[in-house]
Amino acid sequence: MIPAASSVRWWLQRLGLYALREPLPKAGDWVLLIDHSVQIGTVKACVILGVRLCDVPYPRRALRFEDMHVIAVIPVEQSTGEIVDAQLEQATRRIGIPRQIVSDAGSDVKKGAALFAGRHPETTVTYDAAHHGAIVLKRRFEGDPQWSEYIGRLGQVKSRIRQTIDAFLASPGLRPKARYMNLESLLKWSRRILELLDRDASGSSSRAELRYGWLRDYRVSIEKWSRWEATVRASVSYVRTRGLSVDSESGLREHLSEVPPELHDETLATELGTFVRESSAAAGPGECLVGSTEVLESLFGKWKTLERQESQSGITGLILSLGALLGNWPLSRIQTALEATPVKHVVSWCQA
């Protein structure tokens, strides 16, 4: 018998609520990842995930859902530094004073983490490497007048060929949000079109010539932009999979030296090396701190997939499902969770 969708929904919520209430060991090596979901209606959710440093999988791989614990899920209508500070303080009741807090440094989270760390000097606050890389790229790209000109011309071509036989030549679109974290596909496409143009103008190449012959005027810029993007992407990948330790700056330098010269920008590599050195300064001997909130961003994406059309009405009780998506769920834990968390507890939490 196939269970009804409503039954599966209740199971996810019950497991998630159990994960929120499940006792966790109090220790001094917890790392907290904190961020807010996109606001839907009047409400957004402050989500705090945790992992102990003794459990991080560096340098084998990046953090995954199964490595993480849900520490707090707090629906809020407004957020300030003081509110975030209180939320972090509340989280310590479950896991003790954390060793590290990692965030994208949104204004309220940045202030709240600073207030918390001011009272707890054993806690270090770290800026997510991907968001830092995006800011670095944004500053460079928006400071280059050829970039906006290039994007404008691509948009004009796309609108002209969208419903023609040349539609397959349309450029990838840039996301309206976090666009500087998603430039790889567009720049790769640009380089491939240039390669196509460099061949004999026959077959599909002649059609590319008609639509994109003007790209040659941007060849030098495309090469420059590609070096910027690839250098940042390689740096973020290093921090995401290796963490932050006393050897991070030298390790990053070695990692970037393996990037092909045509995709390496030395000035930018030096700037990113400085960021990594400053971020890892708080790491003790043999300690490897977390430098990425990617796993939390991915969790938000997974949750939006679960919400689907229900998200149009605002944040729903399915926000509890976040806990069910994290950690390992052997049959024994599932049984314990369902026995300890009846539907009425979920209803009570949603109404609180």
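All of these numbers come straight from a predicted model, not from anything done at the bench. (Residues numbered from 1 in each chain as written. Predicted model: local features only at pLDDT ≥ 70, side-chain atom pairs only at ≥ 80, totals over all residues. Heavy atoms only, no water.)

S.K.: Would you mind showing me how to read the overall build of the protein chain here?
M.R.: Looking only at helices and strands, the protein chain features 14 helices and five strands. The dimensions of the protein chain, computed from C-alpha atoms along their principal axes, are 70 × 55 × 35 Å. Here the contacts in the protein chain between residues at least 6 apart in sequence split such that 74% fall between residues at least 24 apart. With the model as given, the accessible surface of the protein chain reaches about 17,600 Å², and the carbon-plus-sulfur share is 52%. Between the mean site of the 45 positive side-chain charges and the mean site of the 41 negative ones, the protein chain shows a separation of 5 Å. (Helix = DSSP H or I, 4+ residues; strand = E, 2+ residues; numbered from the N terminus. Contact = heavy atoms within 4.5 Å. Areas by Shrake-Rupley, 256 points an atom, 1.4 Å probe, with all protein chains shown as cover. Lys, Arg positive; Asp, Glu negative; His and termini not counted. Charge placed at Lys NZ, Arg CZ, Asp CG, Glu CD.)

S.K.: I would appreciate a short explanation of the sheet that holds strand β3 (residues 69-76) in the present structure.
M.R.: Whether parallel or antiparallel, the strands of a sheet pair through hydrogen bonds between backbone atoms. One open sheet holds the five strands; their spatial order is β3-β2-β1-β4-β5, and the pairing between them is mixed. Both edges of this open sheet fall to β3 and β5 (124-127), since each of them pairs with a single strand only. Going across the sheet, the axis of each strand differs from the next one's by a mean of 20°, ignoring polarity. Across four bridges, strand β4 (residues 100-103) lies against β5 in parallel orientation. Residue pairing across strands places Ile 101 opposite Val 125, the latter belonging to β5. (Pairing = 2+ DSSP bridges. Axes fitted to C-alpha atoms, helices over the stretch in contact; angles between N-to-C directions.)

S.K.: I keep staring at the side chain of Ser 321 and nothing clicks. Help me out?
M.R.: Mapped onto the elements, Ser 321 comes out in helix α12 (residues 321-324). From its side chain, Ser 321 meets the backbone oxygen of Leu 318 in a polar contact 2.5 Å long. In this view, Ser 321 contacts Leu 12, Trp 303 and Leu 306; residues no more than four positions away in its chain are not counted. (Polar contact = N/O pair within 3.5 Å; in protein donor to acceptor, adjacent residues only side chain to side chain.)

S.K.: Teacher, can you tell me more about the confidence of the model for the protein chain here?
M.R.: Segments scoring low in pLDDT should not have their predicted coordinates read at a detailed level. With 94% of its residues at a pLDDT of 70 or more, the protein chain shows a mean pLDDT of 89. The secondary structure element of the protein chain with the lowest average pLDDT is helix α7 (residues 204-212), at 77, and the one with the highest is β4, at 96. (pLDDT = per-residue confidence, 0-100.)

S.K.: Teacher, can you tell me more about helix α9 (residues 248-257) here?
M.R.: For an α-helix, the turn length of 3.6 residues means that residues three or four places apart are oriented alike. By the burial criterion, the buried members of α9 are Ser 248, Gly 251, Leu 252 and Leu 256. Within α9, the buried residues cover an arc of 130° as seen down the axis, which keeps them to one side. In this structure, α9 carries Arg 253, Glu 254 and Ser 257 as exposed residues pointing more than 90 degrees from its buried face. Packing partners of the buried residues in α9 comprise α8 (219-242) and α10 (266-279). (Buried < 20%, exposed > 50% of the residue type's maximum accessible area, 1.4 Å probe, protein only. Arc of directions from axis to C-beta.)

S.K.: Which parts of the structure should I look at to understand the packing of helix α1 (residues 5-21) against helix α13 (residues 331-340)?
M.R.: The relative placement of two packed helices is expressed as an angle between their axes plus a distance between the axes. Look at α1 against α13: their axes get within 9 Å of each other, and the N-to-C directions meet at 95°. As the angle between them shows, α1 and α13 are arranged roughly perpendicular. Taken together, the residues of α13 that come into contact with α1 (itself represented by Trp 11, Arg 14, Leu 15, Tyr 18 and Ala 19) are Arg 333, Ile 334, Thr 336, Ala 337, Leu 338 and Ala 340. Among the residues making up the contact of α1 with α13, the classes are represented as eight nonpolar, one polar and two charged. (Parallel < 35°, antiparallel > 145°, perpendicular 65-115°, else oblique. Nonpolar A, V, L, I, M, F, W, Y, C, P; charged D, E, K, R; others polar.)

S.K.: Looking at this model, I keep getting lost on the side chain of Asp 166. Mind explaining?
M.R.: Along the chain, Asp 166 falls in the loop between α5 (145-161) and α6 (184-198). Judged by its relative accessible area of 4%, Asp 166 is buried. Leave out the neighbours within four places in its chain, and Asp 166 touches Ile 161, Arg 207 and Arg 211.

S.K.: I keep staring at the environment of Leu 210 and nothing clicks. Help me out?
M.R.: By secondary structure assignment, the location of Leu 210 is in helix α7. Classification of Leu 210 as exposed rests on a relative accessible area of 65%. Residues Leu 210 and Leu 197 lie 13 residues apart in sequence; the distance between their C-alpha atoms is 9.8 Å.

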